[in-house]
Amino acid sequence: MGFNLQNLEAALKAGRKYTYLPFSLHFFESVSSTNQTLWNLLNQGAISGTVVIATVQSAGRGQWGREWISPVGGLYVSVAICLDHKIEATDSYQLTFATAWGIASQLRQCGVDVGIKWPNDLVLNGRKLGGILTETKVNKGQITQAVIGVGINWTNPVPETGINLESWQASQDFRAICCLEMLTSKVLLGIESGMECLYQEGVKVLLSHYLDLLINMGDRVYVNNLSGKVVGVTSQGNLRVDLETHDTKGLITPEIYIEPGTISLGYHKSSV
């Protein structure tokens, strides 16, 4: 069954609250990566809101240069954001946080109980439902363009730590997301609402929304053989951890900040 762009356009029209991104949809059966294809389109003059969707990626990219396995049945989509709003190059995680919160919120409104695993994973039932890869172009220390790539497991096979949405829906009393086009619309509307929040309400409000859905709060982590507890996230995207350590006066808990990519939080065992 092919992807129906008309169905997607209808779902977007029905669900839109904002018109921040003038979605221009481009569908491909197979690409090396939706992010790379979108960068190519931007280099040819494509505008903010341009969207690339693919059935398969042959060289999908994950965070920190990892390969993103992209079999048939998943959702692979990238959205272009051209920033008229100043964001420092070092604050690109604000775009990732906006995306994660926006998508999770859209799915939660449909009854799909999605949470966020720091920094950029979407989690359902303690397992990975999807991930986000934000890539940016920078000029004089400011982000000028961003491409936000999202991969969500729909009907595709997943590893043990993963889950796909259709198998989860099969175990529920309802099926809120009826097709891949509807899921795509939720992702695009989520990205748009996340950007709207970041630009209109600011990073503090966005961060509080993000933390509301963060599944890692209170998690026990180990840093340099010291035990600590996750207490939050900074607006630069760093994990806030209270370390437990002793000095001559007894227990002290200094707070440290851990950059994305330097520690892996792993996945909770599924409760089902």
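For clarity, every value in this text was computed on a predicted model and none was experimentally measured. Counting restarts for each chain, with residues numbered from 1 along the sequence as it is written. It should be noted that, the model being predicted, local features are given only for residues of pLDDT at least 70 and side-chain atom pairs only at 80 or more, the latter also being counted only at that level, while totals for whole chains, interfaces and linings use all residues. In computing side-chain values, all of the structure's heavy atoms are included and hydrogens and water are not.

Examining the packing of helix α5 (residues 180–201) against helix α6 (residues 203–212)
Part 1 of the argument: Here an angle of 0 to 180 degrees is reported between the N-to-C directions of two axes, which are lines fitted to C-alpha atoms, with helices fitted over the stretch in contact. Note on conventions: DSSP H or I runs of at least 4 residues are helices, E runs of at least 2 residues are strands, and numbering of each starts at the N terminus. Where α5 contacts α6, the two axes come as close as 7 Å, and the packing angle between them is 140°. Between α5 and α6, the interaxial angle falls into the category oblique. Contact with α5, carried on its side by Cys 197, Leu 198 and Glu 201, involves Val 203, Val 205, Leu 206 and His 209 of α6 and no other residues of that element.
Part 2 of the argument: Grouping the amino acids of the contact of α5 with α6 by side-chain chemistry returns five nonpolar, one polar and one charged. Small angles under 35 degrees read as roughly parallel and large ones over 145 as roughly antiparallel, with 65 to 115 read as roughly perpendicular and the rest as oblique. Pairs of residues are marked as contacts when any of their non-hydrogen atoms sit within 4.5 Å. Three residue categories are used. Nonpolar comprises Ala, Val, Leu, Ile, Met, Phe, Trp, Tyr, Cys and Pro, charged comprises Asp, Glu, Lys and Arg, and polar comprises the others, including Gly.

Side note on the nonpolar core
What tends to happen in soluble globular proteins is that the nonpolar side chains get buried as a cluster.
Part 1 of the argument: Among buried residues, those of type Ala, Val, Leu, Ile, Met, Phe, Trp, Tyr and Cys that are joined through side-chain atoms within 4.5 Å constitute a nonpolar core. The rule is simple: take the accessible area with a 1.4 Å probe, protein chains only, and divide by the maximum for that residue type; under 20% is buried, over 50% is exposed, in between is partly exposed. The biggest cluster of nonpolar side chains holds 67 residues, and the ones touching the most others in it are Ile 81 and Leu 95.
Part 2 of the argument: Broken down by element, the residue count for this core peaks at 10 residues, all from α5.
Part 3 of the argument: The split of the chain into domains comes from an automatic or database domain assignment. Built from parts of two domains, this core gets at least three residues from each of domain 1 (5–213) and domain 2 (219–258).
Part 4 of the argument: Excluding anything up to four places from it in sequence, Ile 81 contacts Leu 21, Ser 48, Thr 144, Gln 145, Ala 146, Ile 148, Ile 191, Met 195 and Tyr 199.
Part 5 of the argument: Counting seven residues, the second-largest nonpolar core is a separate cluster that includes Leu 38, Leu 42, Ala 80 and Val 147.

Observations regarding the environment of Val 203
Part 1 of the argument: By secondary structure assignment, the location of Val 203 is in helix α6.
Part 2 of the argument: Classification of Val 203 as partly exposed rests on a relative accessible area of 25%.
Part 3 of the argument: For the pair Val 203 and Leu 95, spaced 108 residues apart in sequence, the C-alpha separation works out to 9.8 Å.
Part 4 of the argument: Apart from residues no more than four positions distant in its own chain, Val 203 is found in contact with Gln 94, Leu 198 and Ser 235.

Digging into the sheet that holds strand β8 (residues 220–223)
Each strand in a sheet pairs with another by means of backbone hydrogen bonds, the pair being arranged parallel or else antiparallel.
Part 1 of the argument: Taken together, the four strands give an open sheet; going across it, the order is β8-β9-β10-β13, and neighbouring strands pair in antiparallel fashion. Each edge of the open sheet carries a strand with a single partner, namely β8 and β13 (255–258). Looking at each pair of strands side by side, their axes are set apart by 45° on average, direction ignored.
Part 2 of the argument: Bridge count between strand β10 (residues 239–243) and β13: four bridges; the pairing is antiparallel. From the neighbouring strand, Arg 240 faces β13, where its bridge partner is Tyr 257. Strands are treated as partners if at least two bridges between them are detected by DSSP.

Notes on the domain arrangement of the protein chain
Part 1 of the argument: Domain parsing of the protein chain yields domain 1 (5–213) and domain 2 (219–258).
Part 2 of the argument: Taking the mean C-alpha position of each, domain 1 and domain 2 sit 30 Å from one another.
Part 3 of the argument: At the junction of the two partners, domain 1 supplies 10 residues and domain 2 supplies nine residues.
Part 4 of the argument: Carbon and sulfur atoms supply 68% of the area buried between domain 1 and domain 2, which totals about 700 Å² over both sides.
Part 5 of the argument: Per-residue buried area on domain 1 facing domain 2 is highest for Trp 118, Leu 207 and Leu 211; these three make up 55% of the total on that side.
Part 6 of the argument: For this analysis, a salt bridge means a side-chain nitrogen from Lys or Arg found within 4 Å of a carboxyl oxygen belonging to Asp or Glu. For the pair domain 1 and domain 2, the interface holds zero salt bridges. Put simply, buried area is how much 1.4 Å-probe accessible surface two parts lose in total, over both of them, once they are put together.

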